[in-house]
Protein chains: 2
Amino acid sequence: MRLAELSERSGASTATIKYYLREGLLQPGRRISATQAEYGEEHLRRLRLVRALIQIGGVSVADAREVIAAAEDESLDHHLRLGAATRALPCAERPDEDDPAVATACRSVEALLERLGWSCDPGVNMLNPAHRRLIDSVAALVRLGYPCDTEQLLPYGRLAAQLAVTDLDMVEEQPTPAGQIEAAVALTVLYEPVLLSLRRMAHAEESARRF
Amino acid sequence: MRLAELSERSGASTATIKYYLREGLLQPGRRISATQAEYGEEHLRRLRLVRALIQIGGVSVADAREVIAAAEDESLDHHLRLGAATRALPCAERPDEDDPAVATACRSVEALLERLGWSCDPGVNMLNPAHRRLIDSVAALVRLGYPCDTEQLLPYGRLAAQLAVTDLDMVEEQPTPAGQIEAAVALTVLYEPVLLSLRRMAHAEESARRF
DNA sequence: ATGCTTGGATAGTGCCACTGTCCGATAGGG
DNA sequence: CCCTATCGGACAGTGGCACTATCCAAGCAT
C-alpha cells in the first residue's frame, strides 16, 4: 500500500507518518521506484502500536523509538526484550541522596522490597528507572507530610505483584516470541491508563458509598 | 517570609513562583508595603503541593489550577471536593461512537461496571474523564488486536476497588475536612506514579521468576 | 503531453512551562 | 540622609516537543 493508504487506515496524517519515518519509529517502505514506496500490513500494525504508545500511553517520540529499538534488537535475549517497555519511563535524574525526604524514601522502599521478597540490590536498583521514579514519588509524599512508609506501601506492592501475574499471563498467551515481545510492550504501556482510570472510578464509587 | 525564602525552602526559583502566582496556582502574599509581600507556612505547603502535582504527578499547570480551585471551593459539598483531583486528567475528546473499536470498548466497559457492581449510567459516565479515558485506552488495545474484554479487565477492576479502599482509609485518617480534601488530591495524584513504578518492578520480578 | 499524486527535504507552527530582563519602590547600613 | 542591595511585578523571550505546511522533482494515469 502507498503512504496515503497507510495514513487512511491508521488515522495518522501523511505528514505525521513522514515524521515518524524520519525519527526512525517506522521502517522505510520497500522502494518501488525512485519516488514511490510500498508499505505492508506490518507497517500498519507497527504504526498503530506507535500511535497508541504516544497518544494513549503518553510516551514521548524519543522514548517510543528507544522502546521499539530494544524490542527489535535481535542481539538481546528474550527476557531482556520483554522488559523493553520499561525504558519508556521519563527517566528521572538520579535522586539527590542528601535530601532527607529522599533518604527516608529510600529506606521505606528498601524495606518494602524486602517485605515483598523482591530483589533489592541497591546498586542495581538505582539503575532501574521505575525504582528511581518510585523513590522520587515517595519522597514527594514525605515532603508533603504524608507518612508513606513501608506499611502504607505494602498493599500497593502486593497489588502490583498480582497485576504482574495477570499481565504476564496475557503475554504468555501469545504464540510466537515476537508476538510476546510486542504484547509485553503494548500491555505494559497501554494498561497503565486503564489501571489509573479504573482507580479513579473506584475512588468515586467508594467515596459515594462512604459519604 | 519573603519570596526569596519561599523559593529557597520550596526549591522552586523565584521566577517560577511568580509564574505560579500569575497563573493563580498560589494565593498572593499579604502585602506589607507597596513593593513587598509576606508569605506564610500555608503558602509554602501549597507551593510544595503544586510542585509535586506538576513534577511528580505530571499534571499540567492549567489542570493543577482547576484541581486546586475545586478543592478550595467552599460552595461545593465535601464529597464533591474530595473528587476534585479527578479533574486533573487530561480530558480526552468524547470518543467517536462510530469507530467499531470504540463501540467494542464501550460494551466491554459497560459489562465490566455491571460485574463490579459500580454505577453505570451511560449518560453520566460519559461526562467522567476517567471513564472516557478508559474507553479510549481499551479501544486502542482492541485496535491492536488484544482482546481486552470484560474477562481481561475484571482483575484490574477488582484490584482498583481494593486500592480505593486503601486510599480512602488514608484520606479518612486526616482529622480535619480541609486536611481530607488536600490528602485526597495529593494521594490520588501522587500514588499514581507509585503504583505504576511498582507494577513495572513487579513485571521485572515476575518475568525473572518465569524465565 | 498533461495534470494530479507521490515521497523526501526542510522550515515553520502552536503549545507549554518556565526564564531573563527591566523597572520603580523600598529597606537597611553607614 | 544617602546609597546600594533587594524586592515584587510586568512582560517578552526561550527551549523543547510533536507535529504541520510548503516546496520540489519524479512518476503514474489519461
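As annotated in an unreviewed UniProt entry, chain A is Transcriptional regulator from Streptomyces populi.

Q: Tell me about the overall build of chain A, residues and numbers included.
A: Per the secondary structure count, chain A includes 10 helices and 2 strands. The helix and strand sequence of chain A, counted from the amino end, reads α-α-β-β-α-α-α-α-α-α-α-α. On the principal axes, the C-alpha backbone points of chain A span a range of 65 × 45 × 35 Å. By residue count, 44% of the 211 residues in chain A fall in the buried class. Sequence separation of 24 or more characterises 62% of the internal contacts of chain A that already satisfy a separation of 6 or more.

Q: Tell me about the relation of the copies chain B and chain A, and name the residues and values.
A: Superposing chain B onto chain A requires a rotation of 180° together with a translation of 0.0 Å along the rotation axis, leaving an RMSD of 0.0 Å. Such a combination of turn and shift is consistent with a two-fold rotation axis. Taking C-alpha positions as reference, the residue of chain B nearest the rotation axis is Leu 159 of chain B, located at 3.3 Å. When the interface residues of chain B are mapped onto chain A, 100% of them are again interface residues, pointing to one common binding face.

Q: Can you break down the nonpolar core residue by residue, with the values?
A: Val 138 of chain A together with Val 138 of chain B are the most contacted members of the largest nonpolar core, which totals 124 residues. Not counting the four nearest positions on each side in its chain, Val 138 of chain B is found in contact with Val 194 of chain A together with Ala 105, Ser 108, Val 109 and Cys 148 of chain B.

Q: Run through the pairing of strand E1 (residues 30-33) of chain A, naming residues and quoting values.
A: Where E1 of chain A and strand E2 (residues 36-38) of chain A come together, 3 bridges link them in antiparallel fashion. Following the sheet pairing, Arg 31 of chain A is matched in E2 of chain A by Ala 37 of chain A.

Q: So what about the protein's contact with DNA strand D? Which residues, and what values?
A: The immediate surroundings of DNA strand D are formed by 21 residues, with Ala 34, Ser 60 and Val 61 of chain A together with Leu 3 and Ala 4 of chain B found nearest. Among the elements of the structure, helix H2 (14-23) and helix H4 (61-72) of chain A together with helix H1 (3-10) and helix H2 (14-23) of chain B are those that each provide at least two residues to the surface near DNA strand D. The element that contributes the greatest number of residues to the surface near DNA strand D is H2 of chain A, accounting for 3 residues. Per-class residue counts for the surface near DNA strand D are 11 nonpolar, 8 polar and 2 charged.

Q: Requested: an account of the protein's contact with DNA strand C, with residues and values cited.
A: Surrounding DNA strand C, one finds 22 residues, the nearest of these being Leu 3 of chain A together with Ser 33, Ala 34, Ser 60 and Val 61 of chain B. Put simply, the parts of the chain that give the surface near DNA strand C at least two residues each are helix H1 (3-10), H2 and E2 of chain A together with H2 and helix H4 (61-72) of chain B. Along the lines of polarity and charge, the residues of the surface near DNA strand C split into 11 nonpolar, 8 polar and 3 charged.

Q: Give me the lowdown on the packing of helix H8 (residues 129-143) of chain A against helix H3 (residues 41-56) of chain B, citing residues and values where you can.
A: For the pair H8 of chain A and H3 of chain B, the least separation of the axes is 10 Å and the interaxial angle reads 170°. Taken together, H8 of chain A and H3 of chain B sit at an angle that is classed as roughly antiparallel. Taken as a pair, H8 of chain A and H3 of chain B cross one another with a handedness that is left-handed. Counted together, Asp 136, Ser 137, Ala 140 and Arg 143 of chain A of H8 of chain A and Arg 48, Ala 52 and Ile 56 of chain B of H3 of chain B form the full contact between these two elements. When the residues that make up the contact of H8 of chain A with H3 of chain B are grouped by side-chain class, the tally is 3 nonpolar, 1 polar and 3 charged.

Q: Hey, could you go over the UniProt feature "domain: HTH merR-type" (unreviewed entry) in chain A for me, with residue numbers and the actual values?
A: UniProt's feature table lists "domain: HTH merR-type" (unreviewed entry) at residues 1-70 of chain A, given in the numbering used throughout. Within residues 1-70 of chain A, the helical portion is 63% and the strand portion 10%, while the C-alpha atoms at the span's ends are 27 Å from each other.

Q: Quick rundown of the interface of chain B and chain A? Include the residues and the values.
A: Residue-level contacts link 61 residues of chain B with 61 residues of chain A. The dominant element in the side of chain B that touches chain A, judged by the number of residues it contributes, is helix H10 (residues 177-210) of chain B, at 22 residues. Considering only residue class, the side of chain B that touches chain A consists of 35 nonpolar, 15 polar and 11 charged.

Q: I'd love a proper account of the environment of Arg 132 of chain B, names of residues and values included.
A: All names here are of chain B. One can find Arg 132 in helix H8 (residues 129-143). Accessibility expressed as a C-beta count within 10 Å gives 19 for Arg 132, which makes it partly exposed. Each C-alpha atom, one on Arg 132 and one on Cys 106, is 9.4 Å from the other, the two residues being 26 residues apart in sequence.

Q: Break down unusual backbone geometry for me, with residues and values.
A: For residues other than glycine, phi is negative in most cases, and the peptide bonds are mostly trans. In this structure, Cys 148 of chain A is a non-glycine residue whose phi angle is positive, near 55°. Position of Cys 148 of chain A among the secondary structure elements: in the loop between H8 and helix H9 (150-172).

Q: Now, about H9 of chain A: what can you tell me, with residues and values included?
A: Taking 1.5 Å of rise per residue, 23 residues should cover 33 Å, and H9 of chain A covers 32 Å from first to last C-alpha, within 8% of that figure. The set of residues buried in H9 of chain A consists of Gln 152, Leu 153, Tyr 156, Gly 157, Leu 159, Ala 160, Leu 163, Ala 164, Asp 167, Leu 168 and Val 171 of chain A. Considering only its buried residues, H9 of chain A is in contact with helix H6 (100-116) and helix H10 (177-210) of chain A together with helix H9 (150-172) and H10 of chain B.

Rules and cut-offs
- Residues numbered from 1 in each chain as written.
- Chains lettered and ligands numbered in written order.
- Predicted model: local features only at pLDDT ≥ 70, side-chain atom pairs only at ≥ 80, totals over all residues.
- Helix = DSSP H or I, 4+ residues; strand = E, 2+ residues; numbered from the N terminus.
- Buried ≥ 20, exposed ≤ 12 C-beta atoms within 10 Å, placed from the backbone.
- Contact = placed C-beta atoms within 7 Å.
- Least-squares fit on C-alpha atoms with pLDDT ≥ 70 in both.
- Core = buried A, V, L, I, M, F, W, Y, C linked by C-beta atoms within 7 Å.
- Pairing = 2+ DSSP bridges.
- Near = placed C-beta within 6 Å.
- Nonpolar A, V, L, I, M, F, W, Y, C, P; charged D, E, K, R; others polar.
- Axes fitted to C-alpha atoms, helices over the stretch in contact; angles between N-to-C directions.
- Parallel < 35°, antiparallel > 145°, perpendicular 65-115°, else oblique.
- Left-handed = near helix turned anticlockwise from the far one by under 90°.
- UniProt positions renumbered as here; feature names shortened; annotations may be inferred.
- Expected span 1.5 Å × (residues − 1).

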